[in-house]
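Working through the structure, step by step
Chain residues, written in single-letter form:
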Amino acid sequence: MQRRKLAESIIYCLLFLCGSLSIFVTTGIVIALGIEALGFFEHVSLWEFLFDTEWTPLFSIKRFGIAPLVAGTLLTSAIALIIALPLGLLVAVYLGEFASEPLRRVLRPILELLAGIPTIVYGYFALLFVTPLLQTLFPELPGFNALSPGLVMGFMILPMVASLSEDALYSVPQGLKEAAYAMGCTRLQMVFKVLIPSALGGITAAFILAMSRAVGETMIVAIAAGQQPNLTLDPTSPVETMTAYIVQISLGDTPHGTLEYRTIFAVGLMLFLITLLLNSVSFMIRNRYRNA
Amino acid sequence: MSAEPAFQIKTDMNTSFRAADNAEPTAAVEPKIKVENLNFFYGNHQALYNISLNLLPQRVTALIGPSGCGKSTFLRTLNRMNDIIPGVRLNGEIRIDGNDIYAPNTDVVTLRKEVGMVFQKSNPFPKTIFENIAFGPRVYGLKDRTKLEEIVEKSLVRADLWKEVKDRLHTSALDLSGGQQQRLCIARALAVDPEILLMDEPASALDPRSTAKIEDLIGELRSHYTIVIVTHNMQQAARVSDYTAFFYEGSLVEFGDTREIFTKPRERQTEDYITGRFG
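Keep in mind that what you see is a predicted model, and the values were worked out from it rather than measured.

1. Regarding the nonpolar core
- If you look at the biggest cluster of nonpolar residues, it comprises 79 residues, and the most contacted ones within it are V35, F74 and L78 of chain B.
- If one sorts the elements of this core by residue count, helix α3 (residues 67–98) of chain A sits on top with 9 residues.
- Here L78 of chain B is in contact with I33, V35, L55, I94, I96, I101, L111, V115, L198 and V228 of chain B, once residues within four sequence places are set aside.
- Among the nonpolar cores identified, the runner-up in size contains 45 residues, and F130, L142, L197 and V253 of chain B belong to it.

Okay, structure coming up:
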């Protein structure tokens, strides 16, 4: 009896530790980011960081405006989302409503395979295959540009959009679909007038998670986008994203503890805040619709 | 748009209520639905065996029988709702107004406009009350706002819900009570002006008061529609229906005048079921 109680409490403690681990890690990351970022903001004003239009921490005339990096991130993410969101949703609708069971059994694992490819492979695929392909269409396109990694990134997050949207569509009660059919809907009408509107909460949440994934994606943009901070929304120009900048500094010979070194924590903090915001919005949307 | 007259709701509701009672349902009345030798299969499992029966217009027919006896399956063959389930097949014939609804050239969409359906679990769309009712007419291409408003009001009046919701038409249908939601679903089915109304245990999830409302409503709708209702509730079948069909293990055991079925059934199985000896 006593032994069983002891075993119970040991298991309980172990499980509690596992559960709290993720919270500790997150808190640790925030603290580490925060301390180093504070060191950065002792030298650079928040105003300059947010509103200067140039990012040149490695040049002799140093400017610390994060806008070009944010613009690069938004540009590549937007291109990726233009591909991933509509295609992902259509794939989900197809898999959930139109594909026959045998076909579905083949397609799903293939789609998941797409999600399992290391992003560095996608990066070189963008640089060495997609960019030359695009150049045959647009000969003016530079070797490094936002378009190619953006497109490839779109295909990388497509499986995630598809699988999350499919979950959302699947959670629509069968009764609603039957009601739509009984009202004389064709399958397409059922999908667009009832199924998708009813699953909108889950689909929106999936879209926002995909956004957050695109914003945080590193390898593809570091390899194929050009690592040149440009404040532009022109998809054909080379850009640098926040993540790619962090990679650039981490790989270089920037001495530990210098201001240049600390920039990556300021950028990292910014990235963290953006993805945190997106994830929270996604969480809120999902909760709101679940209660409706 | 040529389909427009189809959206006009019959307005003689008060005058003709129960007027059809005078016309004795003899062989002179042409059946609305004629079912002949219907067999139905889910994959290899046969769910219906050789069903033949005629359903008369402006009458309520109740389908009764223990769970799994095939009554819901039968109901769903009448608007081809079973089509959406993979691996089903059927043989035999179902004719509505003389047209074979399983003929290759039958348009399922047109069929379902003629044959409305109300489900066991109320299933309003997560939209406003107005949008729920306007859904069907919109699917059939009606865009005129005034006409839609007219239809929404008439359908809600007919489903006896108008008084309760007329000031909140543009609020979510999901905020209605269970009984109101079910009447909303009836109104939604009526909005495309069907001739036949299929009801699959429409009151089984409702409290007695809401159930009574639904039953009254069936009585009122009877004079305009051919109603087929599946129910587990014997008293309900006795109260609302003119004819009763008793299904057992996929076969139609007995079909006839409700009063006769409940007072002097011909078959032993029917009597046992009605008196609660099994099922």
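Structure shown, so let's carry the discussion forward.
2. Notes on helix α8 (residues 187–198) of chain A
- Along α8 of chain A, the residues that are buried comprise M190, V191, V194, L195 and I196 of chain A.
- Next to the buried residues of α8 of chain A lie α3, α6 (147–170), α7 (174–182) and α9 (200–216) of chain A together with α4 (129–139) of chain B.

3. With respect to the interface of chain B and chain A
- With 22 residues of chain B at the contact, the number on the chain A side is 18 residues.
- For the pair chain B and chain A, the summed buried area comes to about 1,500 Å², and 69% of that belongs to carbon and sulfur atoms.
- Counting every contact that joins chain B to chain A gives 1 salt bridge.
- Close ionic contact of E178 of chain A with R76 of chain B constitutes a salt bridge, the shortest N to O distance being 3.0 Å.
- Between the two partners, chain B and chain A, sit 4 residue pairs in polar contact (both at pLDDT 80 or more).
- Those elements that provide at least two residues to the side of chain B that touches chain A are α3 (108–114), β6 (115–118), α4 and α7 (178–190) of chain B.

4. Some points on the domain arrangement of chain A
Residues and elements named next belong to chain A.
- For chain A, the assigned domains read domain 1 (2–42) and domain 2 (67–291).
- Placing a centre on the C-alpha atoms of domain 1 and another on those of domain 2 gives a separation of 30 Å.
- Between domain 1 and domain 2 the total buried area reaches about 830 Å² when both faces are included, carbon and sulfur atoms providing 84% of it.
- Area buried by domain 1 at its contact with domain 2 is led by L33, E36 and F40, which between them contribute 65% of it.
- At the surface where domain 1 touches domain 2, the tally comes to 1 salt bridge.
- Across the pair E36 and R262 runs a salt bridge, and its minimum N-O distance is 3.4 Å.
- Looking at side-chain class alone, the side of domain 1 that touches domain 2 contains 6 nonpolar, 1 polar and 1 charged residues.

5. A short note on the side chain of R104 of chain A
All names here are of chain A.
- Among the secondary structure elements, R104 is positioned in helix α4 (residues 101–116).
- A relative accessible area of 17% means that R104 is categorised as buried.
- Excluding residues that lie within four positions of it along the chain, R104 makes contacts with L95, G96, A99 and P109.

6. Some thoughts on α3 of chain A
- Taking 1.5 Å per residue as the helical rise, α3 of chain A with its 32 residues ought to reach 46 Å, and the 44 Å between its terminal C-alpha atoms agrees with that figure.
- Along α3 of chain A, the helix axis deviates most sharply at L81 of chain A, where the bend reaches about 30°.

7. A short note on the sheet that holds strand β4 (residues 88–96) of chain B
Residues and elements named next belong to chain B.
- With antiparallel pairing, the 4 strands of this open sheet are ordered in space as β2-β1-β4-β5. Only two strands of the sheet have a single partner each, and these edge strands are β2 (45–55) and β5 (99–100).
- As paired strands, strand β1 (residues 33–42) and β2 are joined by 7 bridges and run antiparallel to one another. If you follow F41 over to β2, its bridge partner there is Q46.

8. Some thoughts on the pattern of salt bridges
Residue and element names in this part refer to chain B.
- For the structure shown, the criterion picks out 22 salt bridges over all chains.
- The partner of R80 in a salt bridge is D83, and the shortest N-O contact between them spans 2.9 Å.
- Across the pair R268 and D272 runs a salt bridge, and its minimum N-O distance is 3.4 Å. Of this pair, R268 and D272 both sit in helix α11 (residues 268–274), separated by 4 residues, roughly a single helical turn.
- R268 gets classed as exposed once you look at its relative accessible area, which sits at 56%.

9. Focus: the packing of α7 of chain B against helix α8 (residues 208–221) of chain B
Residue and element names in this part refer to chain B.
- Orientation of α7 relative to α8, taken along the N-to-C sense of each, is 20°, at an axis distance of 9 Å. Considering their axes alone, α7 and α8 lie roughly parallel with respect to each other. For the crossing formed where α7 meets α8, the hand is right-handed. Each of G179, Q182, R183, I186 and L190 in α7 lies in contact with α8, whose residues at this interface are S210, K213, I214, L217 and L221.

10. Remarks on the sheet that holds strand β8 (residues 226–230) of chain B
Residues and elements named next belong to chain B.
- Read from one edge to the other, the open sheet built from 6 strands follows the order β6-β7-β8-β3-β9-β10, with strand pairing classed as mixed. Looking at strand neighbours, the two that pair on one side only are β6 and β10 (251–257), the edges of this open sheet. On average, each strand axis in the sheet is inclined to that of its neighbour by 15°, with strand direction left out of account.
- Judged from the 4 bridges that link them, β6 and strand β7 (residues 196–200) form a sheet pairing that is parallel. Bridging from a neighbouring strand, M117 pairs with L198 of β7.

11. Observations concerning the confidence of the model for chain B
Residue and element names in this part refer to chain B.
- Model confidence for chain B is summarised by a mean pLDDT of 87, while 89% of its residues fall at 70 or above.
- Confidence over residues 1–25 falls short of pLDDT 50; this stretch has 44 contacts with residues more than four positions distant or in other chains.
- Taken over the whole predicted complex, pTM reads 0.80, whereas the ipTM for its chain interfaces reads 0.84.

Criteria and thresholds
Residues numbered from 1 in each chain as written. Chains lettered and ligands numbered in written order. Predicted model: local features only at pLDDT ≥ 70, side-chain atom pairs only at ≥ 80, totals over all residues. Heavy atoms only, no water. Core = buried A, V, L, I, M, F, W, Y, C linked by side-chain atoms within 4.5 Å. Buried < 20%, exposed > 50% of the residue type's maximum accessible area, 1.4 Å probe, protein only. Helix = DSSP H or I, 4+ residues; strand = E, 2+ residues; numbered from the N terminus. Contact = heavy atoms within 4.5 Å. Buried area = accessible area lost by both parts, 1.4 Å probe. Salt bridge = Lys/Arg side-chain N within 4 Å of Asp/Glu carboxyl O. Polar contact = N/O pair within 3.5 Å; in protein donor to acceptor, adjacent residues only side chain to side chain. Domains from an automatic or database assignment. Nonpolar A, V, L, I, M, F, W, Y, C, P; charged D, E, K, R; others polar. Expected span 1.5 Å × (residues − 1). Bend = angle between axes of the 7 residues up to and from the residue. Pairing = 2+ DSSP bridges. Axes fitted to C-alpha atoms, helices over the stretch in contact; angles between N-to-C directions. Parallel < 35°, antiparallel > 145°, perpendicular 65-115°, else oblique. Left-handed = near helix turned anticlockwise from the far one by under 90°. pLDDT = per-residue confidence, 0-100.

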